[in-house]
Amino acid sequence: MTGAPAPKFAAAARVALADTRARRELRAAAAVFGRRRAAVPEPPDWEALRAAGHAIRDAALLGLDAHLERLERAVTQAGGTVHWAADAAQARRVVTALSRAAGADRVVLDDSLPVRELALDAALSRAGITTAGPPARGADPGGEAEDGGGAARVAVAGVDFMVAETGTLVFVEAGDEPRASGGEAETLVAVAGIETVVPEWRDMEVLLQLLPRSLTGERMTALVTCLTGVVPGDGPREVHLVLVDNGRTRVLEDEIGRDALRCIRCRACHHVCPVYERTGGAPYGPVHTGPIGAILTPQLRGVESAAAASLPYASTLCGACADVCPVRIDIPEVLVHLRGEVVESRRARPVPPPELVLMRGLAWTMGEPRRYEAALRRGTRWARLAARGGRIRRLPGLLGAWTDARDLPAPPAEPFRAWWARRRR
Amino acid sequence: MSARDEVLRRVRSALGDERKPPPPVPRGYARRSAEPRADVVALFTERVAEGGAAVRHVGADELATAVAAALWGREVKRIAVPADVPYGWLAELDGVRALADSPPLDAAALAAVDGVVTGCAAAIAPTGTVVLDGGRAQGRRALVLAAARHLCVVHADQITATVPEAVARLDPVRPLTWITGPRGARGLEVLVVED
Amino acid sequence: MRVALFVSCFDDAMFPGTGRAAAAVLERLGHEVVYPPGQTCCGQMHWTTGYRQEAARLARAFTEVFTGADAVVAPSASCAAAVRADHPRIARAAGDPGLARAAEGLAVHEFTEFLVDVLGVADVGAVFPHRVTYQPVCRADRLLATGDRPLRLLRAVRGLDLVEMPGAGECCGFGGAFAMKNADVSVAMVADKVGHIRDTGAEFVCAADNGCLAHIGGALSRLRGGVRVLHLAEILAATRGQGVPA
């Protein structure tokens, strides 16, 4: 990939904040989610379901190698074929080769996260294969689609869950125009991040309650399809499952950060995030957005780039996301952990960043009462000189970002500790 | 090294040598329900209706009349049905042409029907969901999802009181389609048969 | 009870009235208040901004000063949360089990929590004849499970007309370093917050933390919003015959 480096979150957010139409739509979307969720009372066992969902996803991740091998056996036994891809380029090659082998010059792609993550649309186009979104349900399956192509031989669809025990692929379809994943294609290419596996079929009894309510606020999504291998006379004649790593094992290495892989892609954290509600998804980058994106992207891509390193700071740590997460990912604490990773990665730089110098200096000053008190006296004097009418209207340097839109009161001449000492005398 | 071996190697390396087994899954959520059957059936009816689908209760001996009335009420003229749909369901059809999906109807034939009539494998009361598994009277997925109207016959004893009960009852090796509300199946209409 | 007061560095310098008010309330309720003199900063800002080593240094200094106190009370919800929830994490990140033990051994309470849970009072004898609205402190309230304790205290204040703020549960946009690093989003958030505050018709907006209040108050002041911010402790300290703190 070429082009200018992606902007930091704050710079991209400035652009997004100015988009009045997008702001209105984001507000409306958050309100719709809130209304839908409020209309359906929380089930009495919701917290028990969250606890179970948390544990199921942890069990999946902590035994990921065994679950993937079991899944592979089950899918193969049911007549499917399993492919593996260590990175996006491998995944693109696999999907392109499968499409060609099926003799397809036209492939139907859904708009799922893995399809977008791998940029399959562009990859297939480069290979000379036309791509299209799935036809609306009930649209004339034999007739000509809008773009002039006939029914596609190959459908590429993102998987929501894979059951290791049975080899079952689960597609949860919630859109207002539900699609039947790969229902009408001869060949289904199912694309899945390796972390979407769950150990057992009965785990779906939990996840199929947690996901719908968190995804759309409803009790159940419009359509759920469970497909195990090839079923003679029903659905695709060939089923391929492409298991994609593409950075996930890197996330798995981090004992705190790996909690992000519990995610079941419901977007509930988006709907409640006060930052996302104002910026939308664009400032987070092309694939993973919202609070979960702010903890996933820096781990998938590393924190070397300024754009990825800015994401853990794109939050007030208010915790609305953690309260709503159906699998109880403690997003604020992972954010704090990743901020630590960002800072650590910058300590070794030959020229220390100004913020590091400032924060080190502050800690040195604050770490010892006498130094702190001397600085307090100096700071108070200085700040009172900068104030007019008891308010500070403009601060220099890094602090200027505060006073761009907010005053600061002038510090009183007598700090608390001075008052206390005087009172005791 | 193959991609498979590489991915598995990375997973093992990420998880480390001294892995602790994950804690057991606490399954303290509602798995079974002791609610009386009548209440479960009533809840299913309520939730299907809330979801915007028409739902009616019929006795087993009234089913054929109810199927005919439902199709007539929607002005459905041509329906497709799974090859093994019980003949009795369609016994009262008058002015409705029923095409059995045997041999499988081609795409053009499916496009020409304006409704399907099927049974189901299970139904879930608290969510108002019907689940089809391609078994008896249910047909293949393309048949179910193609038509503009879907009349689904649910026997009262197929209705479960919880999602876990349905998951336990369903066979995941069969192709499962969970349909909820009018966005799940266009023009969904449910007939609950009280046995 | 002998109470060790922890006044955050920010309050020490910028809002000394909050520490004075907290001490006044506790003394009025008959408790002895001490102010351990070596205290500086809990390290919250360093930790939440990612400066682990620096945070560990400050957490160690804090723990040394307060170890042995019967009860540590902080009229700053975010600092109380930092000490109680973050210090053990800081210790783990620093690989310092001694610090973890010491941190977990401290009995640290947020001011309103101390009044309601430990002292068992809701009515502290305050009089404050004004219309007031209340803003929760999101992260701290989550980590401390604060719940409605501040509201119970406010409801018992004589003369106080408590008005619920629409959208009170949504963050004001402060978030420590966020207010500077993402100043534009932070300001977009406080703009909406200011609107909700003004909708209540309140004269004062109160909270249990001066960080949020400096942010909200800074925007209200710049906009000449006509509503003042005031720490909850200062409302609880107000009595008949004593005017509104300056």
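Residues numbered from 1 in each chain as written. Chains lettered and ligands numbered in written order. Predicted model: local features only at pLDDT ≥ 70, side-chain atom pairs only at ≥ 80, totals over all residues.

**Some words on the overall build of chain A**
Okay, so step 1: A count of helical and extended segments in chain A gives 19 helices and 12 strands.
Okay, so step 2: On the principal axes, the C-alpha backbone points of chain A span a range of 90 × 45 × 45 Å.
Okay, so step 3: Across the 425 residues in chain A, those meeting the buried criterion constitute 52%.
Okay, so step 4: Taking the contacts inside chain A whose residues are at least 6 apart along the sequence as the reference set, 74% of them involve residues at least 24 apart. (Helix = DSSP H or I, 4+ residues; strand = E, 2+ residues; numbered from the N terminus. Buried ≥ 20, exposed ≤ 12 C-beta atoms within 10 Å, placed from the backbone. Contact = placed C-beta atoms within 7 Å.)

**Let's talk about the overall build of chain B**
Okay, so step 1: A count of helices and strands for chain B gives 7 helices and 10 strands.
Okay, so step 2: The globule rule puts the C-alpha radius of gyration for 195 residues at 16 Å, and the 21 Å found for chain B is more than 25% above it.
Okay, so step 3: Structurally, chain B occupies a C-alpha span of about 70 × 45 × 25 Å along its principal axes. (Rg over C-alpha atoms; globule rule 2.2 N^0.38 Å.)

**A look at the environment of Leu-153 of chain C**
Residues and elements named next belong to chain C.
Okay, so step 1: Note on placement: Leu-153 falls in helix α9 (residues 149-155).
Okay, so step 2: Spatially, the C-alpha atom of Leu-153 lies 9.9 Å from that of Ile-235, the residues being 82 residues apart in sequence.
Okay, so step 3: Sequence-distant contacts of Leu-153, defined by excluding residues within four places in its chain, comprise Thr-112, Leu-115, Val-116, Ala-122, Val-124 and Leu-236.

**Overview of the interface of chain A and chain B**
Okay, so step 1: With 61 residues of chain A in contact, the opposing surface of chain B contributes 52 residues.
Okay, so step 2: Mapped by element, the contributors of at least two residues to the side of chain A that touches chain B are α3 (46-62), α4 (64-77), β1 (81-85), α8 (204-216), β9 (223-228) and α9 (248-253) of chain A.
Okay, so step 3: With 9 residues, α3 of chain A is the single largest residue contributor to the side of chain A that touches chain B.
Okay, so step 4: Bridging between β9 of chain A and strand β9 (residues 176-180) of chain B involves 4 bridges; their strand directions are antiparallel. When the bridges of β9 of chain B are listed, Val-224 of chain A appears paired with Trp-178 of chain B. (Pairing = 2+ DSSP bridges.)

**Topic: the environment of Asp-245 of chain A**
Okay, so step 1: With respect to the helices and strands, the residue Asp-245 of chain A is situated in the loop between β10 (238-244) and α9.
Okay, so step 2: A tally of 24 C-beta atoms within 10 Å means that Asp-245 of chain A is categorised as buried.
Okay, so step 3: As a C-alpha pair, Asp-245 of chain A and Ala-88 of chain A span 157 residues in sequence and 8.1 Å in three-dimensional space.
Okay, so step 4: What Asp-245 of chain A contacts, discounting residues up to four positions off in sequence, is Ala-85, Ala-86, Asp-87 and Ile-194 of chain A together with Val-7 and Arg-10 of chain B.

**A look at the domain arrangement of chain A**
Okay, so step 1: Domain boundaries assigned for chain A yield domain 1 (9-39 + 250-347), domain 2 (46-137 + 148-246) and domain 3 (354-424).
Okay, so step 2: Of note, the centres of domain 2 of chain A and domain 3 of chain A, computed from C-alpha atoms alone, are 56 Å apart. (Domains from an automatic or database assignment.)

**Quick notes on the sheet that holds strand β2 (residues 32-34) of chain C**
All names here are of chain C.
Okay, so step 1: On the basis of which strands lie adjacent, the open sheet formed by 4 strands has the order β2-β1-β3-β4 and parallel pairing. Both outer strands of the open sheet, β2 and β4 (108-110), are each paired with one neighbouring strand and no more. For this sheet the average axis-to-axis angle between neighbouring strands, irrespective of direction, equals 35°.
Okay, so step 2: Sheet topology places strand β1 (residues 2-5) next to strand β3 (residues 71-74); 3 bridges connect them, and they run parallel. Across the sheet, Val-3 pairs through a bridge with Ala-71, a residue of β3.
Okay, so step 3: Packed onto the sheet, helix α7 (residues 111-118) meets β3 and β4 and runs at close to 100° relative to β4. (Axes fitted to C-alpha atoms, helices over the stretch in contact; angles between N-to-C directions.)

**Details of the environment of Glu-27 of chain C**
Okay, so step 1: Along the polypeptide, Glu-27 of chain C turns up in helix α2 (residues 16-28).
Okay, so step 2: For the pair formed by Glu-27 of chain C and Val-3 of chain C, sequence separation is 24 residues and the distance between their alpha carbons is 9.6 Å.

**Details of the sheet that holds β9 of chain B**
Okay, so step 1: Ordered by their spatial adjacency, 8 strands build an open sheet running β8(A)-β5(A)-β6(A)-β9(A)-β9(B)-β6(B)-β5(B)-β8(B), and the pairing between neighbours is mixed. Every interior strand has two partners, whereas the edge strands, β8 (197-198) of chain A together with β8 (159-160) of chain B, have only one.
Okay, so step 2: Pairing of strand β5 (residues 122-124) of chain B with strand β6 (residues 129-132) of chain B, which is carried by 3 bridges, proceeds in the antiparallel orientation. Bridge pairing in β6 of chain B places Ile-124 of chain B opposite Thr-129 of chain B.

**With respect to the pairing of strand β6 (residues 168-173) of chain A**
Okay, so step 1: In terms of burial, β6 of chain A is largely enclosed, as 6 of its 6 residues are buried.
Okay, so step 2: What you see with β6 of chain A is no split at all: Thr-168, Val-170 and Val-172 of chain A on one side and Leu-169, Phe-171 and Glu-173 of chain A on the other are buried throughout.

**What about the interface of chain A and chain C?**
Okay, so step 1: On the chain C side, the residues contacting the 50 residues of chain A number 51 residues.
Okay, so step 2: Elements with a minimum of two residues in the side of chain A that touches chain C: α1 (9-17), α11 (276-279), α15 (331-347), α16 (354-366), α17 (369-386), α18 (400-403), β12 (408-409) and α19 (416-424) of chain A.
Okay, so step 3: Sort the elements by how many residues they give to the side of chain A that touches chain C and α15 of chain A lands first, with 6 residues.
Okay, so step 4: Per-class residue counts for the side of chain A that touches chain C are 32 nonpolar, 8 polar and 10 charged. (Nonpolar A, V, L, I, M, F, W, Y, C, P; charged D, E, K, R; others polar.)

**Observations concerning the pairing of strand β8 (residues 228-231) of chain C**
Okay, so step 1: Pairing of strand β7 (residues 204-207) of chain C with β8 of chain C, which is carried by 4 bridges, proceeds in the parallel orientation. Opposite Val-205 of chain C, over in β8 of chain C, you have Val-229 of chain C as the bridge partner.

**Some words on the packing of helix α4 (residues 52-66) of chain C against helix α5 (residues 77-93) of chain C**
Residue and element names in this part refer to chain C.
Okay, so step 1: At their nearest, the axes of α4 and α5 sit 9 Å apart, and the two run at 120° to each other. With respect to each other, α4 and α5 are oriented oblique. The hand of the α4/α5 crossing is left-handed. In this structure, α4 contributes Arg-52, Ala-55, Ala-56, Ala-59 and Phe-62 to the contact, and α5 contributes Val-83, His-87, Ile-90, Ala-91 and Ala-93.
Okay, so step 2: Its residues assigned to classes, the contact of α4 with α5 comprises 8 nonpolar, 1 polar and 1 charged. (Parallel < 35°, antiparallel > 145°, perpendicular 65-115°, else oblique. Left-handed = near helix turned anticlockwise from the far one by under 90°.)

**Observations regarding α1 of chain A**
Okay, so step 1: Along α1 of chain A, the residues that are buried comprise Phe-9, Ala-10, Ala-12, Ala-13 and Ala-16 of chain A. One side of α1 of chain A carries all its buried residues, which in axial view fall inside an arc of 160°.
Okay, so step 2: Of the surrounding elements, those touching the buried residues of α1 of chain A are α2 (20-39), α11 and α13 (306-310) of chain A together with α10 (178-181) and α11 (183-199) of chain C. (Arc of directions from axis to C-beta.)

**Brief notes about unusual backbone geometry**
All names here are of chain B.
Okay, so step 1: Cis geometry is adopted by the peptide bond preceding Pro-103, which originates at Ser-102 and carries an omega value of -5°.
Okay, so step 2: By the secondary structure assignment, Pro-103 is in the loop between β3 (97-100) and α4 (107-112).
Okay, so step 3: At Glu-75, a residue that is not glycine, the phi angle is positive and equals roughly 55°.
Okay, so step 4: If you trace the backbone, Glu-75 turns up in the loop between α3 (63-73) and β2 (78-81).
Okay, so step 5: The exposed category is assigned to Glu-75, around which 10 C-beta atoms lie within 10 Å.

**Overview of the arrangement of the chains**
Okay, so step 1: A comparison of contact numbers over the 2 pairs of chains in contact places chains A and B at the top.
Okay, so step 2: Chain B shows no contact with chain C. Their nearest C-alpha atoms sit 19 Å apart.

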